[in-house]
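Tertiary structure, described
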Amino acid sequence: MGIFSRKQKSPRESGILESQSTTSFGSSTFRGLANNRVSAGSMLTPNTPLSPMPSIKIPKIDLPRPPDPQLDPAGYLRSLTAVRERAKALMEKAQDNELVHFDVDMNKFPDVVTFVSGLIKRDHEAPFQDIPSHGRYQHFCVGGRDRVVELLNSWPETVDNAERCRRLIDLFTISVLLDAGAGTTWTYKSVENGKTYRRSEGIAVASLEMFKSGIFSASPTNKHQVDKRALGALNVAKLASGMQADADNELIGLEGRTEVLVKLSEALDEHSEFFGADGRPGNMIDYLLSHPATQASSVLIVPLPILWNLLMDGLSSIWPTRTAINGVPLGDAWSCEALPAGSNSWESILPFHNLTQWLAYSLMQPMQSLLNMHFAGTELLTGLPEYRNGGLFVDLGVLTLREEDMARGLANYGAYCKQSGIKAIEVAPMFEASDDVIVEWRGLTVALLDKLLEDVNVALEAELDGHEMTLAQLLEAGSWKGGREIAEINRPNTKEAPILIDSDGTVV
């Protein structure tokens, strides 16, 4: 079968992103809309399903401006605007051949456009309206089984849609925070069907089955929730048992992942204004629904920066302190040699906020489908700077690691194999997440994904029939999938990225 031979498309299955199951989703009517405020408990049962690309047109609303970097550099670098602007600044250095670690060949970029466009046409019917936004939901459906709808249908009708959404946000939050790459060897055998899963899909199934077992809940009446008390009682041994990780089935960064969840317990307790007195991630819907900026009419419209600030402020303490300005930790943001600071230290820093963006993409799915909540300004979110998206540009020749860095990375990989006892089947350069090679690679990935979206929309213009694909759809159907598939072609034994990241379980 050729690489762009059309796969047999399975019939559309029931799901919260596609069609109505025995649980009812979709548009809602609301009470208590005075002063643009709405209570989660006031929602009635919805009755109209949503499609992956809802046909409603969200009215343009004024979005809050990001902080001025000259006045509040830390606030600026924690914003989504900074992720895109700083990546663009790095790309300008690339165009002037002023990078430190990579050569960039934009003559190869049309090959990426052709490859990704071919995947989209192979797997989806024009005009590609069936492509969902990139998010965690799809990983729960591995093997064609919609485990989320099964979970929803397992709850009694007395559980209203607000509580259903809280539970899914609880689940999705834990699942995303656990998913910072699984490594080449880890597998998970489902306790429900005995099948074995790997990588992101494996972590999704493992986190779902742990959630269903009640490991994340301290409630005597509801084991299907995540709360601060249960998270505070977690330790490496408990998480290893749930993830089936041991010396013979290594999950990289297990200690780091455990620390993130324990710190999440503290963050949930500290920020009760977002997460309620009982400290549940899902309680964020009550904050969003009652926020003065939320506009409630026939649909709910929440400015994306409101969700973003909630996630950045509410969860900032769960991340290791890496880079800080004026004592303010910046999270997933790193100094980059190709961006000299000059008189402003903030100008040398590249922010990414990868897992927080992945979480934002993922959490919007259940809120839209269950609460008919839409977000204005989703275009502020960027492409995710992780190894699948980044690997696509390396494997197809747009980015080439320079010789001296390749030698250093291969030496790192050799030392890693010797220390871990892993046999070097397919050799690739390896660096720690903090290495400037990885920082530069991730920044270029963000900028190149924006260009990829623009060029793919041009390449598929006739098939799109007046529509435009969103970045979230491109990530789902094109770049992430493309990075995985080209890796499987080039490295069929390990299926790993062309550059390896020695991860601590908290970045990518």
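Anything mentioned here points back to the structure above.
What comes next is a walk through the structure.

How each quantity is defined
- Sequence positions are assigned chain by chain, starting from 1 and proceeding in written order.
- For this predicted model, a pLDDT threshold of at least 70 governs which residues receive local features, and a threshold of 80 or more governs which side-chain atom pairs are given and counted, while totals over whole chains, interfaces and linings are taken from all residues.
- Excluded from the side-chain calculations are hydrogens and water; all other atoms, namely the structure's heavy atoms, are used.
- Residues belong to one nonpolar core when they are buried, are Ala, Val, Leu, Ile, Met, Phe, Trp, Tyr or Cys, and are joined through side-chain atoms within 4.5 Å.
- Note on exposure labels: buried denotes an accessible area under 20% of the residue type's maximum, exposed denotes more than 50%, and partly exposed covers the range between, all computed with a 1.4 Å probe on protein chains only.
- Here a residue-residue contact requires only that any non-hydrogen atoms of the pair lie within 4.5 Å.
- A residue counts toward a patch only above 30% relative accessible area and without a salt bridge, and it is joined to like-charged neighbours within 9 Å or, for Val, Leu, Ile, Met, Phe, Trp and Tyr, to nonpolar neighbours within 5 Å.
- Surface accessibility in these figures is a Shrake-Rupley result with a 1.4 Å probe; residues are shielded only by whichever protein chains are displayed.
- Only one rule defines a salt bridge in this text: a Lys or Arg side-chain nitrogen within 4 Å of an Asp or Glu carboxyl oxygen.
- Here a helix means four or more residues in a row that DSSP labels H or I, a strand means two or more in a row labelled E, and each is numbered from the N terminus.
- Any pair of nitrogen or oxygen atoms within 3.5 Å is treated as a polar contact; in protein, a donor-acceptor pairing is required on top of that, and neighbouring residues in sequence qualify only through side-chain atoms on both sides.
- If DSSP finds at least two bridges between two strands, the strands pair.
- Lines fitted to the C-alpha atoms define the axes, with helices restricted to the stretch that makes contact. Angles between their N-to-C directions range from 0 to 180 degrees.

1. Topic: the nonpolar core
Counting 136 residues, the largest nonpolar core has Ile-120, Leu-261, Leu-307, Met-367 and Leu-452 as its most contacted members. With sequence-adjacent residues up to four places away left out, Leu-452 is seen in contact with Phe-109, Val-112, Val-113, Val-116, Leu-392, Phe-393, Leu-474 and Ser-479. Formed by nine residues, the second largest nonpolar core is a distinct cluster that contains Leu-77, Ala-82, Ile-325 and Leu-330.

2. A few points about a nonpolar patch on the surface
A contiguous nonpolar surface patch, about 230 Å² in accessible area, is contributed by Met-406, Leu-410 and Val-427. Using a relative accessible area of 31% as the deciding quantity, one classes Met-406 as partly exposed.

3. Considering the side chain of Ser-265
Secondary-structure assignment places Ser-265 in helix H9 (residues 254-270). The class of Ser-265 is buried, set by a relative accessible area of 9%. Side-chain polar atoms of Ser-265 contact the backbone nitrogen of Gly-232, separated by 3.4 Å. Setting aside residues up to four positions removed in sequence, Ser-265 forms contacts with Lys-228, Leu-231 and Gly-232.

4. Considering the sheet that holds strand E10 (residues 373-376)
Ordered in space as E4-E5-E10, the three strands form an open sheet in which the pairing is mixed. The strands lining the two open edges of the sheet, one partner per strand, are strand E4 (295-296) and E10. As paired strands, E4 and strand E5 (residues 300-303) are joined by two bridges and run antiparallel to one another. Within the sheet, the bridge partner assigned to Gln-295 lies in E5 and is Ile-301. Where helix H12 (residues 304-315) meets the sheet, it contacts E5 and E10, and its direction lies at approximately 55 degrees from that of E5. Sitting on the sheet, helix H13 (residues 354-371) touches E5 and E10, and the angle it makes with E10 is about 130 degrees.

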